[in-house]
Amino acid sequence: MRRFRMAFLLPLGAIALAATLSGSANAATTVNVTLWDKGANANMATDLGMNMSGHDMSKATMGVRATPAAVKAGEVTFEVTNNSSETIHEMIVVPVHDTKSPLPYNDAESRVNEDAAGHLGEVSELDPGKAGALRLHLKPGKYVLFCNIPGHFANGMWAELTVQ
Ligand SMILES: [Cu+2]
């Protein structure tokens, strides 16, 4: 009798575990994104975009903070808040095809070339204090979240996201 019960219970346990795992895989994933700056009079760096020549991110006077920095593949919701008191910011999502190369950049406009970079979606031009959301279906890989108001990306306004 005892042997029978054990044999019967083990598969049930396995089914329960499988249900739990698939439940967590389907759970909504949210990335909280904060767009920040040190005020409209702060210095603007011109070389702090991802894989540009500058590397001292402590000089960035604006930025993108994304938590968590790594999420599971699938549906991902970005909840984006512009924490600036006076400057419009936005968040654009593109895939990173080469972790060592800069994004395609238009020097004359001081902006990333969004189409060439593979624009996946954005929360466009949030006024100071405003919030918006974006939902994307993301495959495993590296992505970058950045602001493409002229000059902002090169001033350090970007963050990486890993999708596993
Ligand atoms: Cu910005």
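Residues numbered from 1 in each chain as written. Predicted model: local features only at pLDDT ≥ 70, side-chain atom pairs only at ≥ 80, totals over all residues. Heavy atoms only, no water.

A. Local environment of the overall build of the protein. When helices and strands are tallied, the protein shows 2 helices and 11 strands. Counting helices and strands in the order they occur from the N terminus, the protein gives α-β-β-β-β-β-β-β-α-β-β-β-β. By residue count, 40% of the 164 residues in the protein fall in the buried class. Within the protein, contacts between residues separated by at least 24 positions form 78% of all contacts whose residues are at least 6 apart in sequence. (Helix = DSSP H or I, 4+ residues; strand = E, 2+ residues; numbered from the N terminus. Buried < 20%, exposed > 50% of the residue type's maximum accessible area, 1.4 Å probe, protein only. Contact = heavy atoms within 4.5 Å.)

B. Here's a closer look at the coordination of the copper ion. Only H89 (ND1), C147 (SG), H152 (ND1) and M157 (SD) from the protein reach the copper ion as donors, at distances of 2.0 to 2.7 Å. For the copper ion, the 4 donor atoms are set out with angles of 87 to 134° between them, so the coordination reads as tetrahedral. Coordination of the copper ion draws on donor residues from a single chain, spaced H-x57-C-x4-H-x4-M in sequence. You can see H89 sitting in strand β5 (residues 89–95) and its partner H152 sitting in the loop between β10 (141–146) and β11 (158–163), a full 63 residues away along the chain. Residue classification places H89 among the buried residues on the basis of a relative accessible area of 0%. Residue H152 is classed as buried on the basis of its relative accessible area, which comes to 6%. (Donors = N, O, S within 2.8 Å, 3.2 Å for Na, K, Ca; no water. Tetrahedral: all angles 85-135°; square planar, octahedral: opposite > 155°, others 65-115°.)

C. Molecular detail of the environment of T30. Inspection of the secondary structure puts T30 in strand β1 (residues 29–37). Judged by relative accessible area, which is 34%, T30 ranks as partly exposed. With 38 residues separating them in the primary sequence, T30 and P68 have C-alpha atoms 8.3 Å apart. Here T30 is in contact with T67, P68, T77 and E79, once residues within four sequence places are set aside.

D. Summary view of the nonpolar core. Within the largest apolar cluster, 25 residues are counted, with the highest numbers of intra-cluster contacts made by V33, F78, M91, L145 and L161. Taken together, the elements giving at least two residues each to this core come down to β1, β2 (62–67), β4 (74–82), β5, β8 (121–126), β9 (131–138), β10 and β11. Core analysis: the second largest hydrophobic core is formed by 13 residues, L103, V112, F146 and A154 among them. (Core = buried A, V, L, I, M, F, W, Y, C linked by side-chain atoms within 4.5 Å.)

E. Region of the structure containing unusual backbone geometry. A cis amide bond, omega -5°, links T67 with the succeeding residue P68. Following the sequence through the fold, P68 ends up in the loop between β2 and β3 (70–71). Of note, the phi angle at N51 is positive, near 60°, even though the residue is not glycine. Take N51: it is sitting in the loop between β1 and β2. Residue E125 is not a glycine yet carries a positive backbone phi of 40°. Structurally, the position occupied by E125 is in strand β8.

F. Up close: the side chain of E90. Mapped onto the elements, E90 comes out in strand β5. Look at E90: it is buried, it has no salt bridge, and the nearest opposite charge is R111 at 5.2 Å. Within the local environment of E90, its side chain forms a polar contact with the side chain of S124, the two groups lying 3.5 Å apart. Among the polar contacts made by the side chain of E90, one reaches the main-chain amide nitrogen of N148 at a distance of 3.4 Å. When residues no more than four places from it in sequence are discounted, the contact partners of E90 are L35, E114, E122, V123, S124, E125, F146, C147, N148 and I149. (Lys, Arg positive; Asp, Glu negative; His and termini not counted. Salt bridge = Lys/Arg side-chain N within 4 Å of Asp/Glu carboxyl O. Polar contact = N/O pair within 3.5 Å; in protein donor to acceptor, adjacent residues only side chain to side chain.)

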